[in-house]
Amino acid sequence: MIKKIINWLLSNFLKKQAKVQRVIQAHNISTAKSVGLIYSSNDQEAVKEVTEFAQRLKLHNINVDTLGYANDRKSEGSIGYSVFNNKSLNFFNKPQSSVVSSFLAKKYDILVYVCTSPIVPLQYIVAESCAQFKIGPYISEYTDCFDFMIQIENGTSIKTFVSKIEFYIHNLTKNAA
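The following refers to the structure shown. For every chain, the first residue of the written sequence is number 1, and numbering continues from 1 onward in sequence order. Per-residue local features are limited, in this predicted model, to residues with pLDDT of at least 70; the limit for side-chain atom pairs, both in listing and counting, is 80 or more; totals at the level of whole chains, interfaces and linings are taken over all residues. With hydrogens and water excluded, all non-hydrogen atoms of the structure serve as input to the side-chain values.

**Side note on the pattern of salt bridges**
At step 1: By convention in these notes, a salt bridge is any Lys or Arg side-chain nitrogen within 4 Å of a carboxyl oxygen on Asp or Glu. The full count for this structure, using the stated rule, is 6 salt bridges.
At step 2: Its salt-bridge partner being Lys48, residue Glu52 comes within 3.3 Å of it at the nearest N-O pair. Of this pair, Glu52 and Lys48 both sit in helix 2 (residues 44-58), 4 residues apart, which is roughly one turn of the helix.
At step 3: Summary of the burial criterion: residues with accessible area below 20% of their type's maximum are buried, those above 50% are exposed, and those between are partly exposed, where the area comes from a 1.4 Å probe applied to protein chains only. Overall, Glu52 belongs to the partly exposed group, its relative accessible area being 32%.
At step 4: By relative accessible area, which is 45% here, Lys48 ends up partly exposed.
At step 5: Linking Arg56 and Glu166 is a salt bridge whose minimum nitrogen-to-oxygen distance equals 2.7 Å. Here Arg56 is found in helix 2, whereas its partner Glu166 is found in helix 5 (residues 158-171), with 110 residues between them in sequence. Helix and strand definitions here come from DSSP, where helices need a minimum of 4 consecutive H or I residues and strands a minimum of 2 consecutive E residues; each element is numbered from the N-terminal end.

What follows is the structure, encoded as structure tokens:
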């Protein structure tokens, strides 16, 4: 019962936050100057793919920041990689840390949710971000949070998902972006 109430509150919060005042503008690899990548740092495949994806974006002279969420109470970031953990979450699983605040203070051209399933603390970040173009997987409960959603099958690997993201940011036409 409590979980249902929390999920309902979360859903309403995310819908309100998704309407945060921001400039919505599609970007592609040519128009983006800054990209924020958020991911689950507990998933080693995701860590590897995000690191490699960030490097490929930097080859296009794009400033890239990453923010990982560790679903534990011990993990911390390392040099160049920001991570927050469960110690940073309030009762509603909303992240409240200086690392998250610093990430949200930046106005990215593109924010990419590099996960294939909903992760509540990361969904808060998507909802609160002022990024101009928010990209993520199609998740029916969170259609208000993203500007561009990519349909994926259950069990899709992070590597496959990142490949699809790259395909679309490389192929969005300048008229759309």
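**Observations concerning unusual backbone geometry**
At step 1: Non-glycine residue Asn61 carries a positive phi angle of around 60°.
At step 2: Note that Asn61 resides in the loop between helix 2 and strand 2 (63-70).
At step 3: Phi is positive for Asn93, close to 65°, though the residue is something other than glycine.
At step 4: Counting through the fold element by element, Asn93 comes out in the loop between strand 3 (82-85) and helix 3 (98-105).
At step 5: Classification of Asn93 by relative accessible area gives partly exposed; the value is 34%.

**Quick word on the nonpolar core**
At step 1: By nonpolar core is meant a set of buried Ala, Val, Leu, Ile, Met, Phe, Trp, Tyr and Cys residues that side-chain atoms within 4.5 Å join together. Grouped together as the largest cluster of nonpolar side chains are 26 residues, with contacts concentrated most on Leu37, Leu57 and Val112.
At step 2: Listed by contribution, the elements that provide at least two residues to this core are strand 1 (34-40), helix 2, strand 4 (110-113), strand 5 (133-137) and helix 5.
At step 3: Here a residue-residue contact requires only that any non-hydrogen atoms of the pair lie within 4.5 Å. For Leu37, the contacting residues outside a window of four places in its chain are Val50, Phe53, Ala54, Leu57, Val64, Asp65, Thr66, Leu67, Phe103, Val112 and Val114.
At step 4: Judged by nonpolar contacts, the second largest core, of 22 residues, contains Tyr113, Val126, Ala127 and Cys145.

Remember that the coordinates give geometry; whether it matters functionally is a separate question.
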